[in-house]
Amino acid sequence: MNIFRKENINKYLAQDHKFSKTLTAKDLISLGVGAVIGTGIFILPGTVAANYAGPGVTLSFLLAALVCVLSAMAYAEFSSTMPVAGSAYSYGNIIYGEIIGWILGWALILEYMLAVAAVAAGWSSYFQSFLAPFNIKLPAAFVSSFNPSKGTYVDIIAIGIVLLITLLLSRGMRDSVKINNFAVILKIAIIVLFIIVGANFIKPANYQPFLPYHFSGVIKGATTVFFAFLGFDCVSSSAAEVKNPQKNMPLGIIGTLLIATLFYMGVSIVLTGMVNYKALDVANPVAFALQFAHQDWIAQLLSFGALVGMATMMLTMIYASSRLVYAMARDGLLPQSLAKLSTKNKTPQLSLWVVAIVISLGAGVFSVDQLTSLVNFGTLLAFTFVSFGILPLRKRKDLPNNGYQMPGYPILPILSGLICLYLLTQLNIDVYIMAAIWFSLGIIIYFLYGYKHSLLNKNQ
């Protein structure tokens, strides 16, 4: 048994050649910003400020961004060298071997699918807030996660938005990108409006104390808001559908992160200046702050912007999830029927709808807090392997690494990996327990199905 057998880059390039190459650097940044600026900007600043960092949540976002910049540079080099579907899963298969690739793919399934489920739950909360002024109220039993003690059983709104976005994606990437680009512009305009209007209601006293939970709270907050930067790694999943990937992939990944960081910090500064951090532990903190300042019409507009923003995030994540499942099925580790592309628009339709069903079930039953912690584990694990993976990547003579290269080699790749490992140690014990269950299930599936059906196994 050879669980460390490695895939060949030329085989991947030949298999993924069937995709239509339509995406530009602008499209990638739009997809990335659409994914990153969603839940992170409309929900997390308030809850993290209230529970972990106080007004220092701005520093939490900055620390998380600095860590992500290092990981982003590693992803940029990999995606430039290996413009194939599957992101870290495919990179792991080529650099580390099949078992590590599988574990990374399993981690990415955890990241992408649960991230969408968490955002869908948040979308439902904002949608109900948006409907409230119109005196429209849906039955409580069907608009929240499973909690019989509170009389709630399933969130049909969260399920509905996931299926609606999947329907759009099933029409092909050309139409999806056009709609996404428009939605991203609208979302950014509304965020800028919040920053401008909210700045007029800042009370300097709200910044005191700036670090009520000390700097350890800022670090704890950074591990939580790390979730907010998910999205730039999803951009790498689109590499097989990008024009001139050696140039456009690094621009899309790093450009996404820089733009998102500016907006996150701007919103965090204004939000904690408008309202005392202790009052921000609510499901819709940004809209709450505007209502607190008696700017109800902007709060209503912002709720609409939040809906648009979270929808674009879900679109990118569902897209990335389907390409990941496609890549794993392409290699035989999942049923190969999931790797078939439709003749009409060259997309993996079955993968797309399987992903949508799994995500919608998670969104309808589980709470946001339960989902985001697990997402952080899967993300940090993938970031760790990708960061350290730059070291063996540079030594591979069979890989055409003549595009973007991560600076500061080998110091920065090692530093990036070590920081990700440290952040992993900061997660709660219950996250490790749930992650252990998830990865145990993944290992069982690999040995019972994946290893035997792998195309590498058949070739041997």
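Residues numbered from 1 in each chain as written. Predicted model: local features only at pLDDT ≥ 70, side-chain atom pairs only at ≥ 80, totals over all residues. Heavy atoms only, no water.

The name given to the protein in an unreviewed UniProt entry is Amino acid permease, and the organism recorded there is Lactobacillus mulieris. The heading Subcellular location (unreviewed entry) in the UniProt record of the protein holds the text "Membrane". (UniProt positions renumbered as here; feature names shortened; annotations may be inferred.)

A. Region of interest: the overall build of the protein. When helices and strands are tallied, the protein shows 19 helices and 0 strands. Relative to a compact globule of 460 residues, whose C-alpha radius of gyration would be 23 Å, the protein shows 21 Å and is just as compact. In the protein, buried positions account for 60% of the 460 residues. Counting only carbon and sulfur atoms, one obtains 69% of the accessible surface of the protein, whose full area is about 17400 Å². Charge centroids of the protein, computed over 28 positive and 16 negative side chains, lie 6 Å from each other. (Helix = DSSP H or I, 4+ residues; strand = E, 2+ residues; numbered from the N terminus. Rg over C-alpha atoms; globule rule 2.2 N^0.38 Å. Buried < 20%, exposed > 50% of the residue type's maximum accessible area, 1.4 Å probe, protein only. Areas by Shrake-Rupley, 256 points an atom, 1.4 Å probe, with all protein chains shown as cover. Lys, Arg positive; Asp, Glu negative; His and termini not counted. Charge placed at Lys NZ, Arg CZ, Asp CG, Glu CD.)

B. Geometry of helix α5 (residues 57–81). A rise of 1.5 Å per residue sets the reference length of α5, with its 25 residues, at 36 Å; its end C-alpha atoms lie 36 Å apart and thus fit the reference within 8%. Of all 25 residues that make up α5, 20 are buried, and the element is covered over most of its length. (Expected span 1.5 Å × (residues − 1).)

C. Representation of the confidence of the model for the protein. Scored by pLDDT, the protein comes out at a mean of 87, with 95% of its residues at no less than 70. Confidence, read as mean pLDDT per element, is least for helix α3 (residues 39–42) in the protein (69) and greatest for helix α6 (residues 88–95) (95). (pLDDT = per-residue confidence, 0-100.)

D. Expanded view of the state of the cysteines. If you walk through the whole model with that rule in mind, you get 0 disulfides. The structure places no disulfide on C234, whose sulfur is separated from the nearest cysteine sulfur, that of C68, by 12 Å. A relative accessible area of 1% places C234 in the buried class. Left unpaired, C420 is separated from the closest cysteine sulfur, that of C68, by 7.8 Å. (Disulfide = S-S within 2.5 Å.)

E. Focus on the packing of helix α12 (residues 245–274) against helix α13 (residues 285–292). Between α12 and α13, whose axes approach to 10 Å, the crossing angle comes to 45°. Between α12 and α13, the angle falls in the class oblique. As for the relative orientation of α12 and α13, their crossing is left-handed in sense. Contacts from V267, L271 and M274 in α12 reach P285, V286, A289, L290 and F292 in α13. For the contact of α12 with α13, the class distribution of residues is 8 nonpolar, no polar and no charged. (Axes fitted to C-alpha atoms, helices over the stretch in contact; angles between N-to-C directions. Parallel < 35°, antiparallel > 145°, perpendicular 65-115°, else oblique. Left-handed = near helix turned anticlockwise from the far one by under 90°. Contact = heavy atoms within 4.5 Å. Nonpolar A, V, L, I, M, F, W, Y, C, P; charged D, E, K, R; others polar.)

F. Local environment of the nonpolar core. If you look at the biggest cluster of nonpolar residues, it comprises 151 residues, and the most contacted ones within it are M82, M314 and I318. Setting aside its immediate chain neighbours within four residues, I318 contacts V116, V162, I165, T166, L169, L352, V355 and I359. (Core = buried A, V, L, I, M, F, W, Y, C linked by side-chain atoms within 4.5 Å.)

G. Quick look at helix α10 (residues 214–225). Helix length check: α10, at 12 residues, gives a terminal C-alpha distance of 17 Å against a target of 16 Å (1.5 Å per residue), a fit within 8%. G217, V218, G221, A222, T223, T224 and V225 are the residues of α10 that are buried.

H. Structural detail: the packing of aromatic side chains. Counted under the stated rule, the structure contains 18 aromatic pairs. Pairing F377 with Y432 gives two aromatic rings, centres 5.9 Å apart and planes at 85°, and the pair type is edge-to-face. Here the residue F377 occupies a position in helix α16 (residues 368–395), and Y432 occupies one in helix α18 (residues 429–453), the gap between them amounting to 55 residues. A residue is classified by how much of its surface remains accessible, and Y432, at 29% relative accessible area, is partly exposed. It is R330 that lies over the ring of Y12; its NZ or CZ is 3.7 Å from the centre. (Phe/Tyr/Trp six-rings, centres within 6.5 Å; stacked < 30°, edge-to-face > 60°. Lys NZ or Arg CZ within 6 Å of the ring centre and 35° of its normal.)

I. Quick look at the environment of A35. Position of A35 among the secondary structure elements: in helix α2 (residues 25–36). Judged by its relative accessible area of 1%, A35 falls in the buried class. Along the chain, A35 and V184 lie 149 residues apart, while their C-alpha atoms are 9.3 Å from each other. For A35, the residues in contact, after removing those within four places along its chain, are L230, G231, T312, M313 and T316.

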